[in-house]
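Geometric and topological summary
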Amino acid sequence: MHITGGCHCGAIRYQAEIDPERVSICHCTDCQRLTGSAYRITAPARPGSFTLTSGEPRGYAKYGDSGGLSRQFFCPNCGSPLYRTDGDGGAFGIRVGGIDQRRELTPKKQIWCRSALPGVENIETLPRFEGED
């Protein structure tokens, strides 16, 4: 599937080819801190398909819970998380929130569930509103 996307302020744009069947939710503590939320949803880009079409993200490297090196990239203007690469820069994990076609993507698995926050298992029972209450 061909996707396009970018940051919240529009300074950074990208395109890539992804496999929608590989979209996943990560509950690791790094993803919780990076999103300021309970988990992160990622779509892996097919090798060699990720291209920046405008802007220049900033990044930093950190060893994750798995022990592997993870390079995180974000917009230097608005701070939007954009994607991560592995230590070699070969595997791209694109943050679903920045993908223009995100409504077409459904997570197919969850990882690092031992770090999942209480209350995220089933939100179906929570009251729902179309806008802010």
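Scoring rules and cut-offs
Residues numbered from 1 in each chain as written. Predicted model: local features only at pLDDT ≥ 70, side-chain atom pairs only at ≥ 80, totals over all residues. Heavy atoms only, no water. Pairing = 2+ DSSP bridges. Helix = DSSP H or I, 4+ residues; strand = E, 2+ residues; numbered from the N terminus. Axes fitted to C-alpha atoms, helices over the stretch in contact; angles between N-to-C directions. Core = buried A, V, L, I, M, F, W, Y, C linked by side-chain atoms within 4.5 Å. Buried < 20%, exposed > 50% of the residue type's maximum accessible area, 1.4 Å probe, protein only. Contact = heavy atoms within 4.5 Å. Salt bridge = Lys/Arg side-chain N within 4 Å of Asp/Glu carboxyl O.

Some remarks on the sheet that holds strand 3 (residues 24–26)
- Strand order in the open sheet formed by seven strands is 6-7-8-9-4-3-10, with mixed pairing between adjacent strands. The sheet is open, and its two edges are formed by strand 6 (58–63) and strand 10 (109–111), each paired on a single side. Taking each pair of neighbouring strands and ignoring which way they run, the sheet shows an average axis angle of 30°.
- Both strand 4 (residues 40–44) and strand 9 (residues 92–95) contribute to a ladder of three bridges, which runs antiparallel. In the sheet register, A43 faces strand 9, and the bridge partner there is I94.

Describing the pairing of strand 7 (residues 69–74)
- As paired elements, strand 6 and strand 7 share six bridges and run antiparallel to each other. The partner of K62 across the bridge, within strand 7, is S70.
- Linkage of strand 6 to strand 7, two consecutive antiparallel strands, is achieved through a turn of five residues, within which G67 is found at a positive phi near 95°.
- In terms of strand pairing, strand 7 meets strand 8 (residues 81–86) through five bridges, oriented antiparallel. Across the sheet, Q72 pairs through a bridge with R84, a residue of strand 8.
- Linking strand 7 to strand 8, which pair antiparallel, is a turn of six residues; within it G79 sits at a positive phi near 85°.

Some remarks on the nonpolar core
- Counting residues in each nonpolar core, the largest one holds 17 residues, and the members touching the most others are I3, Y14, F50, I94 and I99.
- In contact with F50, other than residues within four places in its own chain, are Y14, Q15, A16, A45, Y83, F92 and I94.

Looking at the pattern of salt bridges
- A complete count under the given rule lists two salt bridges for this structure.
- When the shortest N-O distance is used, the salt bridge between D100 and R13 registers 2.6 Å. Of this pair, D100 sits in the loop between strand 9 and strand 10 while R13 sits in strand 2 (residues 13–17), and the two are 87 residues apart along the sequence.
- D100 sits in the partly exposed class, given a relative accessible area of 39%.
- Here D30 ties to K62 by a salt bridge, and the two come within 3.2 Å at their closest N and O atoms. Of the two residues, D30 sits in helix 1 (residues 29–35) while K62 sits in strand 6, which places them 32 residues apart along the sequence.
- Relative accessible area serves as the criterion here: at 40%, K62 is assigned to the partly exposed category.

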